[in-house]
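Chain and residue survey
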Amino acid sequence: MTSLRQYLLVFGTFARNSLIRDMTFRANFIIEFFSSLSWVFMNLGFYILIFRYTPSLGVGTGWGKYEFFAFTGTGLMINSLAAMLFMTNADNFGNFVRQGNLDFLLLKPIDTQFIVSLQRIDWSSSGNFFVGLLLLLYSLRQMNYVPSAVTIALYIVYMICGLLILYSLMFMMASTSVWLGRNETLFDFWFYIVNFARYPMEIYEGRFGRPFRWFFTFIIPVLVAVNVPARFIARPLKPQTLQDWALAGFTIVATVVMLVLCRLVFLAALRSYRSASS
């Protein structure tokens, strides 16, 4: 049985080879790197413009300017890691199926889902992570808040949970390429629903907002992916009530359930896969 250490060594090889590949085409890497950053800064400019006219997002929500920027920094880091580690691989999975290259991956002495998920690292997406980190640190400084070691630990744990939820959703959709052949439309759908996670769940109120909030919290739990870790790090919204802690507990359960579902869907897809030689 392949040990954890061996998996880490394989992942390190994937990361190194991906970096070498990106540096081989430096101009393309630089264009993609700065294109991604430009999108981030345009969004930040839009948010700054909004807070020129309002002190917070909604009345009594607790999401003031710098609390929201801490939220945005958290979202940038989680989404950057998801794009960097998984997006290219999820997109390539359909090509493996159509071209028959999945046959070669199935013969490798390592878990197929591992190698399919992580064999290509998109280093051009790493810039957004550091922008998010700097935005988070700046926001905490403006709030005069220094989180405790426990808060930081919980924040990291729930960021990992958010990343795993996004990964599970992404690869469940990617696995459908075995049955559908092409699933580009499903990836468009993934981007649409992940957009709901770009904002605090408190803004989804009222007749139309609450059904969206419930659905994207408990059915497709993308809202908890960013909201829960951001609540730990943004001082006014750190979990204090029973409901806050229940949401944090639900996030752990949702992460496990999503990972299990992702594994089951992936294995079902492999069972349905017909080799290129068959």
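Just so you know, the residues in each chain are numbered from 1, in the order the chain's sequence is written. Per-residue local features are limited, in this predicted model, to residues with pLDDT of at least 70; the limit for side-chain atom pairs, both in listing and counting, is 80 or more; totals at the level of whole chains, interfaces and linings are taken over all residues. The basis for the side-chain values is all heavy atoms of the structure; hydrogens and waters are excluded.

**Concerning the pattern of salt bridges**
- Basic side-chain nitrogens of Lys or Arg form a salt bridge, by our definition, when they fall within 4 Å of a carboxyl oxygen of Asp or Glu. Applying the stated criterion across every chain, the model contains five salt bridges.
- Residues Arg213 and Glu205 are paired through a salt bridge, measuring 2.7 Å at the closest nitrogen-oxygen approach.
- When accessible area is computed with a 1.4 Å probe and restricted to protein chains, residues below 20% of their type maximum are described as buried, those above 50% as exposed, and intermediate ones as partly exposed. With a relative accessible area of 36%, Glu205 lands in the partly exposed category.

**Section: helix H3 (residues 65-99)**
- Numbering of helices and strands runs from the N terminus, with a helix taken as a DSSP run of H or I at least four residues long and a strand as a DSSP run of E at least two residues long. The span expected for a helix works out to 1.5 Å for each residue beyond the first. Its 35 residues place the ends of H3 49 Å apart at the C-alpha level, agreeing with the 51 Å of an ideal helix rising 1.5 Å per residue.
- One axis is fitted to the seven residues ending at the residue and one to the seven starting there. The bend at that residue is the angle between these axes. Along H3, the sharpest kink reaches roughly 45°, centred on Phe86.
- A positive phi of about 80° marks Gly100, the residue just after H3.

**As for the side chain of Thr72**
- Among the structural elements, Thr72 can be located in helix H3.
- Should any heavy atoms of two residues lie within 4.5 Å, those residues are considered in contact. For Thr72, the contacting residues outside a window of four places in its chain are Leu44, Tyr47 and Leu135.

**Thoughts on the packing of helix H7 (residues 149-175) against helix H11 (residues 223-233)**
- Think of each axis as a best-fit line through the C-alpha atoms, taken over the contacting stretch in the case of a helix, with angles from 0 to 180 degrees between the N-to-C directions. Between H7 and H11, the least distance of the axes is 8 Å, while the angle of their chain directions is 175°. By the criterion of interaxial angle, the relationship of H7 to H11 is roughly antiparallel. For the pair formed by H7 and H11, the contact residues are Thr151, Leu154, Tyr155, Tyr158, Met159, Gly162, Ile165 and Leu166 on the first element and Val224, Ala225, Val228, Pro229, Ala230, Phe232 and Ile233 on the second.
- Only Asp, Glu, Lys and Arg are considered charged in this grouping, and only Ala, Val, Leu, Ile, Met, Phe, Trp, Tyr, Cys and Pro are considered nonpolar; every other residue, Gly among them, is considered polar. Partitioned by chemical class, the residues of the contact of H7 with H11 number 13 nonpolar, two polar and no charged. Put simply, angles under 35 degrees are roughly parallel, angles over 145 are roughly antiparallel, angles from 65 to 115 are roughly perpendicular, and the rest are oblique.

**So, the packing of aromatic side chains**
- Side-chain rings of Phe, Tyr and Trp, where Trp is taken by its six-membered ring, are said to pair if the distance between their centres is within 6.5 Å; with planes under 30 degrees apart they count as stacked, over 60 as edge-to-face, and otherwise as tilted. Under the definition given, this model contains 27 aromatic pairs.
- Measuring from ring centre to ring centre gives 5.0 Å for Tyr47 and Phe68, while their planes differ by 90°; the resulting arrangement is edge-to-face. With Tyr47 in helix H2 (residues 26-50) and Phe68 in helix H3, this pair connects stretches of sequence that are 21 residues apart. Neither Tyr47 nor Phe68 differs from the other in exposure class; each is buried.
- Pairwise contacts between aromatic rings join Phe46, Tyr47, Phe51, Trp63, Tyr66, Phe68, Phe69, Phe71, Tyr138 and Tyr199 into one cluster.

**Quick notes on the side chain of Thr112**
- Looking at the element boundaries, Thr112 is found in helix H5 (residues 112-118).
- Here Thr112 falls in the buried class, since its relative accessible area comes to 11%.
- Not counting residues up to four positions away in its chain, the partners in contact with Thr112 are Leu102, Leu105, Leu106, Phe266 and Leu270.

**Some details on the state of the cysteines**
- Disulfides are defined in this document as cysteine sulfur pairs within 2.5 Å. Here the structure, examined in full by the defined rule, presents zero disulfides.
- No disulfide involves Cys161; its sulfur sits 15 Å from the nearest other cysteine sulfur, which is in Cys262.

**What about helix H6 (residues 126-142)?**
- Between its first and last C-alpha, H6 extends 25 Å over 17 residues, near the 24 Å set by a 1.5 Å rise per residue.
- Every buried residue of H6 is listed here: Ser126, Gly127, Asn128, Val131, Gly132, Leu135, Leu136, Ser139 and Leu140.
- Close packing links the buried residues of H6 with H2, H3, H7 and H11.

**So, the environment of Met201**
- Of note, Met201 is situated in the loop between helix H9 (184-194) and helix H10 (206-219).
- According to the relative accessible area criterion, Met201 is buried, its value standing at 3%.
- If we skip the residues at most four places from it in the chain, Met201 touches Arg213, Thr217, Leu223, Val224, Asn227, Arg231 and Leu247.

**Considerations on a nonpolar patch on the surface**
- A cluster of nonpolar side chains, Val157, Ile252, Val253, Val256, Val257, Val260, Leu261 and Leu264, forms an exposed patch at the surface whose accessible area comes to about 640 Å².
- It is helix H12 (residues 242-272) that contributes the most residues to the nonpolar patch, seven residues altogether.
- Turning to its location among the elements, Leu261 is positioned in helix H12.
- For Leu261, a relative accessible area of 38% translates into the label partly exposed. Patches here: salt-bridge-free residues with over 30% relative accessible area, like charges joined within 9 Å, nonpolar side chains (Val, Leu, Ile, Met, Phe, Trp, Tyr) joined within 5 Å. Calculation of accessible area relied on Shrake-Rupley with a 1.4 Å probe; when residues are assessed, cover is drawn exclusively from the protein chains displayed.

**Here we look at unusual backbone geometry**
- At Asn144, a residue that is not glycine, the phi angle is positive and equals roughly 55°.
- Locating Asn144 in the fold gives a position in the loop between H6 and H7.
- The exposure class of Asn144 is exposed, given its relative accessible area of 67%.

**Things to note about the confidence of the model for the protein chain**
- Per-residue pLDDT for the protein chain averages 87, and the proportion of residues at 70 or more is 94%.
- By mean pLDDT, H9 is the weakest element of the protein chain at 74, and H6 is the strongest at 93. Every residue is assigned a pLDDT by the predictor, reflecting its confidence on a scale from 0 to 100.

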